[in-house]
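# Coordinate analysis (summary)
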Amino acid sequence: MSLGPREAREAREAREAREAREARATGPAAPGPRDRPPPLVALGRVREERAGAGLVADALLRTSGRPWCPDIF
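Residues numbered from 1 in each chain as written. Predicted model: local features only at pLDDT ≥ 70, side-chain atom pairs only at ≥ 80, totals over all residues. Heavy atoms only, no water.

### Some details on the side chain of Asp58
- Residue placement: Asp58 occurs in helix H3 (residues 53–61).
- Of the polar contacts made by the side chain of Asp58, one reaches the side chain of Arg62; its length is 2.5 Å.
- Other than its neighbours up to four places away in sequence, Asp58 contacts Pro38, Pro39 and Leu40. (Helix = DSSP H or I, 4+ residues; strand = E, 2+ residues; numbered from the N terminus. Polar contact = N/O pair within 3.5 Å; in protein donor to acceptor, adjacent residues only side chain to side chain. Contact = heavy atoms within 4.5 Å.)

Here's what the structure looks like:
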């Protein structure tokens with residue numbers, strides 16, 4: 001059965017609300033690195049609209065190279 005846009009949105013919102021309730025009920029298992037916001041979120045460069053989006057953005061935009069800018073062009 002295919003859901004229309006409205007039904008899909010309602011199902012997504014219900015799932016997100018359920019997950020938020022479950023997260024509040026269980027609480028954090030132990031403090032650790034997941035309790036800190038990702039660097040891009042902490043710096044204000046990314047605004048999370050979904051839980052975990054900052055972690056994804058941080059992973060996608062991470063690079064092993066150091067920033068470099070020559071003095072002359």
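### Concerning the environment of Gly54
- Within the secondary structure layout, Gly54 lies in helix H3.
- The class for Gly54 is buried, based on a relative accessible area of 0%.
- In this structure the C-alpha to C-alpha distance between Gly54 and Pro38, which are 16 residues apart in sequence, comes to 5.9 Å.
- If we ignore the near neighbours within four places in the chain, the residues touching Gly54 are Pro38, Val41 and Glu48. (Buried < 20%, exposed > 50% of the residue type's maximum accessible area, 1.4 Å probe, protein only.)

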